[in-house]
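Analysis of the macromolecular model
Chain by chain, the residues:
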Amino acid sequence: ATAGAGGNILLRADEINLGAANTLIGTGTLVLVPEAVAQNIEIGAADNVTVGELDITTADITAIKDGFSSITIGNVTSGTGTVNVSNAATFTDNIVLVGGGITSNALLTSAGNAMTLTARTGGITDGNAVIANVVSTSLTATAVTGVDLDTTITTLTSASVSGAGSIDISDTAG
């Protein structure tokens, strides 16, 4: 699929299969939204077989050609499902992940770009102890019940918790 003249692409479904490498092309925004607001999302999924979950596999990620102004995964206005980064995933554009909560069990990379993580009803948690969770030029992390990440970033743009919870960001880049 190609979005002409900077057009935006919005895909809303229970499951999304994006095709071969570099086949989803655009310069506007790309938004991948689960059909149900409470549907969980798995980033770096090994396959598309988990029932009731929007699986964004490594193959789906490689189908997205570099050039989008931003990639948003999740429902920014009402998403309550958990976003789980289950395996290493590399994006080549600015990336926004939105869910009720975000669990990072692997490395999420968007080197040279901005990354925004938003947990609308819960927290952003580090599920893999001391291994880096985020590599990007800048990070914005917003949650209701806390932020806990290991990062390699140049700039922490902002980190905030709107409810009760702490912010624990350990950075190895500086």
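First, a word on what this report is: a plain description of the structure on this page.

Calculation notes
- Residues numbered from 1 in each chain as written.
- Predicted model: local features only at pLDDT ≥ 70, side-chain atom pairs only at ≥ 80, totals over all residues.
- Heavy atoms only, no water.
- Helix = DSSP H or I, 4+ residues; strand = E, 2+ residues; numbered from the N terminus.
- Rg over C-alpha atoms; globule rule 2.2 N^0.38 Å.
- Buried < 20%, exposed > 50% of the residue type's maximum accessible area, 1.4 Å probe, protein only.
- Contact = heavy atoms within 4.5 Å.
- Core = buried A, V, L, I, M, F, W, Y, C linked by side-chain atoms within 4.5 Å.
- Lys, Arg positive; Asp, Glu negative; His and termini not counted.
- Salt bridge = Lys/Arg side-chain N within 4 Å of Asp/Glu carboxyl O.
- Polar contact = N/O pair within 3.5 Å; in protein donor to acceptor, adjacent residues only side chain to side chain.

The next point concerns the overall build of the protein. Check the secondary structure of the protein and you find 1 helix and 14 strands. Relative to a compact globule of 174 residues, whose C-alpha radius of gyration would be 16 Å, the protein shows 15 Å and is just as compact. Dimensions of the protein along its principal axes, counting C-alpha atoms only, are 40 × 35 × 25 Å. Across the 174 residues in the protein, those meeting the buried criterion constitute 45%. Residue pairs at least 24 apart in sequence account for 38% of intrachain contacts in the protein once pairs closer than 6 positions are excluded.

Generally speaking, a soluble globular protein has its nonpolar side chains buried in company with each other. Among the nonpolar cores identified, the biggest contains 37 residues, and Ile43, Ile73, Phe91, Leu97, Leu108, Leu117 and Ile124 are the most heavily contacted of them. In this structure, Leu117 is in contact with Leu97, Ile102, Leu108, Ile124, Val134, Leu139, Thr140, Ala141, Thr142 and Leu149, ignoring residues within four places of it in sequence.

Assignment of secondary structure puts Asp93 in the loop between strand E7 (89–90) and strand E8 (95–99). In this structure Asp93 is buried but unpaired, with Lys65 as the nearest side chain of opposite charge at 9.9 Å. Reaching out from Asp93, the side chain makes a polar contact with the backbone nitrogen of Gly67 at a distance of 2.9 Å. Dropping the residues within four chain positions of it, Asp93 is found in contact with Ile64, Lys65, Asp66, Gly67, Phe68, Ile71, Ser110 and Asn113.

A few words now on the side chain of Ser136. Checked against the element boundaries, Ser136 lands in strand E12 (residues 134–143). A distance of 2.8 Å separates the side chain of Ser136 from the backbone oxygen of Ser138, its partner in a polar contact. Setting aside chain neighbours within four positions, we find Ser136 in contact with Ser110, Ala111, Asn113, Met115, Thr152, Ile153 and Thr154.

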